[in-house]
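Here are the chains, one letter per residue:
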Amino acid sequence: MLPALRRCRPGSVPLPALAAALGPGPFPGLCPAWCPRALPARGRKTRHDPPAKSKAARVKLPPPVDPEELLVVLERYRQHRLVLSALRAEFRAEVLQKKQEERLAAEEEEELEEHRRLMAWNEEENGRQRARREERLRKQEEEERRKKLEIAEKQARKMEAFLEEKEKEVLQLQEEAKNFITLENLEARIEECLDNPRNYNFAIDKDGRIVKRTVLT
Amino acid sequence: MPMKGRFPVRRTLQYLSQGDVVFKSSVKVMTVNYNTAGELSEGARKFVFFNIPQIQYKNPWVQIMLFRNMTPSPFLRFYLDNGEQVLVDVENKTNKEITEHVKKILGKSKEMLEKEERERKKLSHPATFGPKKYHLRECMCEIEGQVPCPAVVPLPKEMRGKYKAAMKNEA
């Protein structure tokens, strides 16, 4: 902005810097800064070409600055920008606040009410689930106990049967023991066997009839 | 591109967009505790396998966490933004029942969804023309039945400016 401001003032362009090169044209003592000839233009040469010998003594000076004006202008700009940014921040905050309010206002009482009702229903559902679960666990326990009992019973019965079996065997053995041959009745039994010869021979014919009455030799 | 996974249909957009559980804006985190074995967690497992992708697709800003084999019975827990925690017991439930339950207690109702849809529609006008990002069409030449784009099909002579100017000059 500042260079533009500079160029607007009629006497501000330094004449010695311009007069030799361009010439003010129609206004000899007074060169309006906005003059096409005063602006740098490339024209014939590229940027890599060296400047002409006639320009060897040319001294390029920066645009002159009036210090008081500079201060005044800078101060004014500072204030302007300060005010504008403050306004922008203010409006931004207002919009944000409005949005927040709208959002909060949307969550009205009835929605909260609805929410509470749904939470209560959820609690009920959980309660029912709990009841079902307890029921199930109880049933499971019952089942287990019953099974255990059954197993124990079966075991007991098996044990009993086994014992009975063994008892019977023992009795049978005892019975048979009466007929055993011991050292005492050895002689008597031998005598007995010799006295009563037993005939184990038999005859069988093709029809399967057994004949036990054979001759013992 | 081969199909990936046991049920690749879960990865399709059509399947994902069929999810109808849209959480209320107060729900922030959803946690699922379930077991990888056992009859009781069967429904929870199915829920995690089939329905959670749908839910996450519809609620991209809700954090979903899965915990396996940490508790004897499966449950869901929702953490709302006002600090409230909602516990949902899902033992012995099918995944359909679980989704229904969740939709009932914490999902947006159909009317709410429709209302939001209408609000969103109001913001943009479908009849305006402009960049594809904000409008449906950019130029009239895109519409069927209208004059096609001269970049693709040259305009007939009579519609061109140079012809009309030439005729006027002749006359």
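Just above, that's the structure.
Description of the structure in this document. (Residues numbered from 1 in each chain as written. Chains lettered and ligands numbered in written order. Predicted model: local features only at pLDDT ≥ 70, side-chain atom pairs only at ≥ 80, totals over all residues. Heavy atoms only, no water.)

**Some thoughts on the packing of helix H4 (residues 109-177) of chain A against helix H3 (residues 95-106) of chain B**
Here comes step 1: Interaxial distance between H4 of chain A and H3 of chain B falls to 8 Å at its minimum, and their mutual angle equals 150°. On the basis of the axis angle, H4 of chain A is roughly antiparallel to H3 of chain B. Every residue of H3 of chain B that contacts H4 of chain A at His115, Leu118, Met119, Trp121, Asn122 and Glu125 of chain A is listed here: His101, Lys104, Ile105 and Leu106 of chain B. (Axes fitted to C-alpha atoms, helices over the stretch in contact; angles between N-to-C directions. Helix = DSSP H or I, 4+ residues; strand = E, 2+ residues; numbered from the N terminus. Parallel < 35°, antiparallel > 145°, perpendicular 65-115°, else oblique. Contact = heavy atoms within 4.5 Å.)

**Examining the packing of aromatic side chains**
All names here are of chain B.
Here comes step 1: Tallied over the full model, the rule gives four aromatic pairs over all chains.
Here comes step 2: On the basis of an interplanar angle of 85° and a centroid distance of 5.7 Å, the ring pair of phenylalanine 7 and phenylalanine 49 is categorised as edge-to-face. Here phenylalanine 7, found in the segment before helix H1 (13-17), pairs with phenylalanine 49, found in helix H2 (residues 42-58); they are 42 residues apart in sequence, far enough to count as distant.
Here comes step 3: A residue is classified by how much of its surface remains accessible, and phenylalanine 7, at 38% relative accessible area, is partly exposed.
Here comes step 4: Ring centres of phenylalanine 49 and phenylalanine 50 lie 5.0 Å apart, and the angle between their planes is 90°; on these two criteria the pair is classed as edge-to-face. Each member of the pair, phenylalanine 49 together with phenylalanine 50, is buried.
Here comes step 5: An aromatic cluster is present here, built from Phe7, Phe49 and Phe50 joined pairwise through their rings.
Here comes step 6: Its guanidinium or amino end placed over the ring of phenylalanine 49, arginine 10 lies 3.7 Å from that ring's centre, counting from NZ or CZ.
Here comes step 7: It is arginine 137 that lies over the ring of phenylalanine 129; its NZ or CZ is 5.3 Å from the centre. (Phe/Tyr/Trp six-rings, centres within 6.5 Å; stacked < 30°, edge-to-face > 60°. Buried < 20%, exposed > 50% of the residue type's maximum accessible area, 1.4 Å probe, protein only. Lys NZ or Arg CZ within 6 Å of the ring centre and 35° of its normal.)

**A few points about the interface of chain A and chain B**
Here comes step 1: With ten residues of chain A at the interface, the matching set in chain B holds 17 residues.
Here comes step 2: Here chain A is connected to chain B by four salt bridges.
Here comes step 3: Here arginine 133 of chain A makes a salt bridge to aspartate 89 of chain B, at a shortest N to O gap of 2.6 Å.
Here comes step 4: Between the two partners, chain A and chain B, sit nine residue pairs in polar contact (both at pLDDT 80 or more).
Here comes step 5: When the residues that make up the side of chain A that touches chain B are grouped by side-chain class, the tally is three nonpolar, four polar and three charged. (Salt bridge = Lys/Arg side-chain N within 4 Å of Asp/Glu carboxyl O. Polar contact = N/O pair within 3.5 Å; in protein donor to acceptor, adjacent residues only side chain to side chain. Nonpolar A, V, L, I, M, F, W, Y, C, P; charged D, E, K, R; others polar.)

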